[in-house]
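# Architecture at a glance
Here is what each chain is made of, one letter per residue.
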Amino acid sequence: MEMILEQDAGHCLLRMEGEMTIYHAMEIKQKFMEILHDFEEVTVSLAKVTDMDTTGAQLLILIKKEAQATGRHLTLSDHSPSVLAVLDLYNLAGQLGDPMFIPHGHGRHGDRS
Amino acid sequence: MSLSDALPTFLAEARGLLEEMEESLRILKQSPADAEAINALFRAAHTIKGSAGLFGLEVIVAFTHHAESVLDRVRDGPLPMDSVLIALFMDCRDHIENLIDAVERDEPPDGATLDQGADLVARLAHYLGHGEPDADPSPGAGVAPLVLEDPVVNLGRNGGSEDDVWHLSLRFGPDVLRNGMDPLSFIHYLTTMGEIVHLFTLTDAIPPAAEMDPEQCYLGFEIRLRSGVDKARLEGVFDFVREDSQIRILPPGSRLEDFRKLMESLPEGVHRLGEILVGCGAITRRELDHVLDLQASQSTNPPLLGEALVREQCIQPEVVAVALDRQQEVRKRQTQDTRLLRVRADKLDLLIDQVGELVIATAGLRVQSKDTQDSVLMESIYEVARLVDEIRDSAMNLRMVEIGETFNRFRRVVRDVCKESGKDIELVIHGADTQLDKTVVERLSDPLTHLIRNAVDHGIESPEQRRARGKPDQGQVRLNAFHEAGCVLVEVSDDGGGLDRERILTKARKRGLIPEDKELDDDAVWRLIFEPGFSTAQEVSNLSGRGVGMDVVRRDIDALRGSVEIETRPGEGTTFRMRLPLSLAIIDGFLVRVAGNDYVVPLDTVLECLELPPIAEARGDNQLSLRGEILPLLRLAELFRLQGPRGRRRNVVVLHWAGRKAGLLVDELKGQLQAVIKPLGSLFSGLPGVSGSTILGSGEVALVLDVSGLMDLALRDERRGRNGSRTDDNGSRTHGLVQ
């Protein structure tokens, strides 16, 4: 798992590369929390995620909730096919809000804070 | 309410299921792909697990669960059933039985049993890959969901219950991810069982970031699944996570009430969940409002007992349902056959005894009424006698049981012996529904065990020898039972090497059972193996061949008033044929009189009666020509050395037994009667030709003739006659018989 951070003032792009699985869940969470703390506006690119399991999906939800709770702006972008497969099966697109189908904002069912 | 009251029912039911498992495994042995048998096996394991769960028998649940998981894979196809697996399941079945035995004894399973269990689990795990049995074999998103129903049917349908749409409410336990079980796999697997109409992922349980453990599972799912599978199978998907997860499955057509309970039992609460269920299309908005109203008005009601039970003991409602289904099924089957009533055997014995006395009393009444010449009285007495006959038959019938149960017990014997001796032997059972007296069946068990062990151990050759002789590797032992001429025949046959004439003779000579130079015909040679202390086995094995057994068989069968025959062909096999009376207590008899004494011959051995031509009597013939057939003639008066006055005429009763016929020379034929057999005292038990006594209507005692023994005497006489000068132990009574 590689997490490459590109930043400019107040904004950052985190490129996730490799597996978003339980084996890396700890470090991913760590990284997510760091960038949410450090930046106002965050984009996480999932283009190079080769594999995702439930922990990965949970972390995406977590970061999304956390961003809302702390008033940060978070975008998940460029979902790779493996990511889409999981989000599709879990029908999470609506709750996450990001995927191309629905613009920024809350999912239909809304997240509880 | 105490569940422990129901424990005996559970135990009895579990034993029944274990028998079913054994039966299914037997079928699978013949045709490993038999889907019905695999299903039956699975169902049995599943039901045992389910009901064991009800009683909190964790060890059984845990173990059966492993077996069931492997079975599930077999059932669904990825794992083919083969002989190794069958043997493994057989061991599993035995292990479950051991566990159930322990429950019955009310003790925890001992160390050896637990070790055995652990060993089996390890062997089972081998078939489950790395503990992810439910994972889709082809991971990835490319698997198209299997659509079982035309989706059009669902169009416009919103809320309420739909055909074939299940509702699954899943709250995975926190540790499932760490245990290598990803909810993704489960949901993926569901897509292979049907079409997911709607899925909602509940993320409510994810805590704020600081407290969130990324390796813990926080997700819950509400799933609408359209599928034609059954409850048990759907339940089975979640077997591996059931313990620490909340899995609720509502079958298609579930009522609003079920959904209400579901909503109330889940952590999210009725409001939140209600919205989700409305979103899923599980219930309608109006229905949700109704539930909310209801809840508001009834919130003080305590939960139902069953519900509480389910909650407290963490039992899956579906498991309860399966257990209940099973109970109903059993009940239905019982009503279909006939309702069964368990009665103590001694009560039955007492009844039979009393009926016996009644028969004797009626016979006495009949004799006395004849003297009164009162036709009205006689008519009434005949009516009573007829009823007594019927009662006797019904009472005797009560004792009749099918021999099948006893037969099935030998599957185990054969299996165990096979394991020990490394032979592959199949036990084929015929005539399992043949009925005979319970006592006979019980007392048959020992001799049968001896014969079967003998057949497996000595009869059937080793696989190498068999191959050399051009026989299939798998040997066959057959158990057969059928009725013939008022008795029951039970056969034990094998397709082994047959009895070795020379070896038997050598052995018999060595043991001094026969003189060195004496020649014997085949039958006599075979009979030698029934002599005490005789064994032909070259080596003594754990099972048989210790020189005990065959003489015990002979003694047991004799004690049952039966007989044993041996039929053997070198290289082709041996058959032991036991001929047994249907019942021991009351028989239909034929009363004859010889030299002032009464004798009873069992009626079913009587073929016909005829008068002996005076010329034959005058010649003192020891043979009888019956329509061209030569039969040995037994002179009862001479045989028993009776001194009483002889009648004027001589009659012959033609008897048949075990395929042989003989004539019995008597004075007077007195007709049929019912004879209640009373055993003779031990002093007379060895009397040849007599098997018991009975009391006649007149109060006199008559001896019951042992036809089998008489036949032996007749045959011996005949041989002796045929062999002319040869003498043997009773050599003084040789008669010339012209052949």
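It should be noted that the structure appears before, not after, this text.
Here the structure is a predicted model, which means the values were calculated and not measured.

### Thoughts on helix α13 (residues 345-372) of chain B
Residue and element names in this part refer to chain B. The terminal C-alpha atoms of α13 lie 41 Å apart, and with 28 residues this matches the ideal 40 Å at 1.5 Å per residue to within 8%. Where α13 is buried, its residues meet α14 (375-398), β12 (586-594), β19 (668-676) and β20 (690-695). Just downstream of α13 lies Gln373, where phi reads positive at about 60°.

### Brief notes about the sheet that holds strand β10 (residues 563-569) of chain B
The strands making up a sheet associate through hydrogen bonds between their backbones, and the pairing can be parallel or antiparallel. Residues and elements named next belong to chain B. Read across the open sheet, the five strands follow the order β6-β8-β9-β11-β10; overall the sheet is mixed. In this open sheet, the two strands that pair with only one neighbour each are β6 (425-430) and β10. The mean angle between the axes of side-by-side strands here comes to 15°, regardless of whether they run parallel or antiparallel. Where strand β9 (residues 487-494) lies against strand β11 (residues 573-581), eight bridges are found, and the strand directions are antiparallel.

### Remarks on the pattern of salt bridges
Residues and elements named next belong to chain B. Throughout the structure, instances matching the rule amount to 42 salt bridges over all chains. Ionic pairing is found between Arg467 and Asp473, a salt bridge with its closest N-O pair at 3.0 Å. Assessed through its relative accessible area of 35%, Asp473 is described here as partly exposed. Measuring nitrogen to oxygen at the nearest pair gives 3.2 Å for the salt bridge that ties Arg577 to Glu565.

### A few points about the pairing of β10 of chain B
Residue and element names in this part refer to chain B. Of all seven residues that make up β10, five are buried, and the element is covered over most of its length. Both β10 and β11 contribute to a ladder of seven bridges, which runs antiparallel. In the strand pairing of β11, Arg569 is matched with Gly573. Hairpin connection between β10 and β11: a loop of three residues separates the two successive antiparallel strands, and Gly571 in this loop has a positive phi of roughly 80°.

### So, the interface of chain A and chain B
Contacts between chain A and chain B engage 25 residues on the former and 30 residues on the latter. Both sides of the chain A and chain B interface together cover about 2400 Å² of buried area, and 64% of this is carbon and sulfur. Considering only the surface of chain A that becomes buried against chain B, Gln58, Leu89 and Tyr90 of chain A emerge as the three largest contributors, covering 27% of it. Across the chain A-chain B interface, the total number found is zero salt bridges. Between chain A and chain B we count ten residue pairs in polar contact (both at pLDDT 80 or more) in total. Examining the composition of the side of chain A that touches chain B, we find that eight residues originate from one element, helix α2 (residues 54-70) of chain A, more than from any other. Split by residue class, the side of chain A that touches chain B holds 13 nonpolar, six polar and six charged.

### Side note on the packing of helix α1 (residues 25-38) of chain A against α2 of chain A
Residues and elements named next belong to chain A. Put simply, α1 and α2 touch, their axes get as near as 11 Å, and they point 15° apart. Between α1 and α2, the interaxial angle falls into the category roughly parallel. You can see that α1 and α2 cross each other, and the crossing is right-handed. Together, Ala25, Ile28, Lys29, Phe32, Met33 and Leu36 of α1 and Thr55, Leu59, Leu60, Leu62, Ile63, Glu66 and Ala67 of α2 make up the contact between the two elements. Tallied by class, residues from the contact of α1 with α2 come to ten nonpolar, one polar and two charged.

### Digging into the sheet that holds strand β1 (residues 165-171) of chain B
All names here are of chain B. Strand order in the open sheet formed by four strands is β2-β3-β1-β4, with antiparallel pairing between adjacent strands. At either margin of the open sheet sits one strand with a lone partner, and together these are β2 (195-202) and β4 (246-250). For this sheet, the mean angle separating the axes of adjacent strands, direction not counted, is 10°. As judged from the seven bridges shared by β2 and strand β3 (residues 220-226), these two strands associate in the antiparallel manner. By the bridge assignment for β3, Leu199 is matched with Ile223. Contacting β1, β3 and β4, helix α8 (residues 256-265) runs over the sheet at an angle of about 170° to β4. Here helix α9 (residues 269-280) sits on the sheet and contacts β1, β2 and β3; the angle it forms with β2, its principal contact strand, is near 155°.

### Structural notes on the packing of aromatic side chains
A complete count under the given rule lists five aromatic pairs over all chains for this structure. Relative to Phe221 of chain B, the ring of Tyr90 of chain A lies with its centre 4.8 Å away and its plane at 40°, an arrangement referred to as tilted. Of the two residues, Tyr90 of chain A sits in the loop between α3 (81-89) and α4 (93-96) while Phe221 of chain B sits in strand β3, which places them in two different chains. Look at Phe172 of chain B and Phe221 of chain B: their rings are 5.9 Å apart centre to centre, the planes differ by 75°, and that puts the pair in the edge-to-face class. Here Phe172 of chain B, found in the loop between β1 and α6 (183-193), pairs with Phe221 of chain B, found in strand β3; they are 49 residues apart in sequence, far enough to count as distant. Each of the two residues, Phe172 of chain B as well as Phe221 of chain B, counts as buried. In this structure an aromatic cluster arises from ring pairing among Tyr90 of chain A together with Phe172, Phe186, Phe221 and Phe238 of chain B. Positioned over the ring face of Phe42 of chain B is Arg75 of chain B, at 3.7 Å from the centre of the ring.

### Points about the nonpolar core
Of all hydrophobic cores here, the largest spans 63 residues; its most connected members are Met16 of chain A together with Phe238 of chain B. The element that contributes the greatest number of residues to this core is α2 of chain A, accounting for seven residues. Leave out the neighbours within four places in its chain, and Met16 of chain A touches Met1, Glu2, Met3, Ile28, Phe32, Val44, Ser45, Leu46, Lys48 and Val49 of chain A. Counting 46 residues, the second-largest nonpolar core is a separate cluster that includes Cys418, Ala481, Ile514 and Leu560 of chain B.

### Quick look at the pairing of β1 of chain B
Looking down a regular strand, the side chains alternate between one sheet face and the other. All names here are of chain B. Burial of β1 is extensive: seven of the seven residues sit out of reach of the surface. The sheet contact formed by β1 and β3 spans seven bridges and is antiparallel. Bridge pairing links Arg171 to Gly220 in β3. Where β1 and β4 come together, five bridges link them in antiparallel fashion. Within β4, the residue paired with Leu168 across the bridge is Ile249.

### Side note on a nonpolar patch on the surface
Residues and elements named next belong to chain B. On the surface, a nonpolar cluster with roughly 330 Å² of combined accessible area is contributed by Leu683, Phe684 and Leu687. Tracing the backbone through its elements, the reader meets Leu687 in the loop between β19 and β20. Owing to a relative accessible area of 37%, Leu687 belongs among the partly exposed residues under this scheme.

Here is what the cut-offs are and how they apply
Residues numbered from 1 in each chain as written. Chains lettered and ligands numbered in written order. Predicted model: local features only at pLDDT ≥ 70, side-chain atom pairs only at ≥ 80, totals over all residues. Heavy atoms only, no water. Helix = DSSP H or I, 4+ residues; strand = E, 2+ residues; numbered from the N terminus. Expected span 1.5 Å × (residues − 1). Contact = heavy atoms within 4.5 Å. Pairing = 2+ DSSP bridges. Axes fitted to C-alpha atoms, helices over the stretch in contact; angles between N-to-C directions. Salt bridge = Lys/Arg side-chain N within 4 Å of Asp/Glu carboxyl O. Buried < 20%, exposed > 50% of the residue type's maximum accessible area, 1.4 Å probe, protein only. Buried area = accessible area lost by both parts, 1.4 Å probe. Polar contact = N/O pair within 3.5 Å; in protein donor to acceptor, adjacent residues only side chain to side chain. Nonpolar A, V, L, I, M, F, W, Y, C, P; charged D, E, K, R; others polar. Parallel < 35°, antiparallel > 145°, perpendicular 65-115°, else oblique. Left-handed = near helix turned anticlockwise from the far one by under 90°. Phe/Tyr/Trp six-rings, centres within 6.5 Å; stacked < 30°, edge-to-face > 60°. Lys NZ or Arg CZ within 6 Å of the ring centre and 35° of its normal. Core = buried A, V, L, I, M, F, W, Y, C linked by side-chain atoms within 4.5 Å. Patch = residues over 30% accessible without salt bridge, like charges linked within 9 Å, V, L, I, M, F, W, Y side chains within 5 Å. Areas by Shrake-Rupley, 256 points an atom, 1.4 Å probe, with all protein chains shown as cover.

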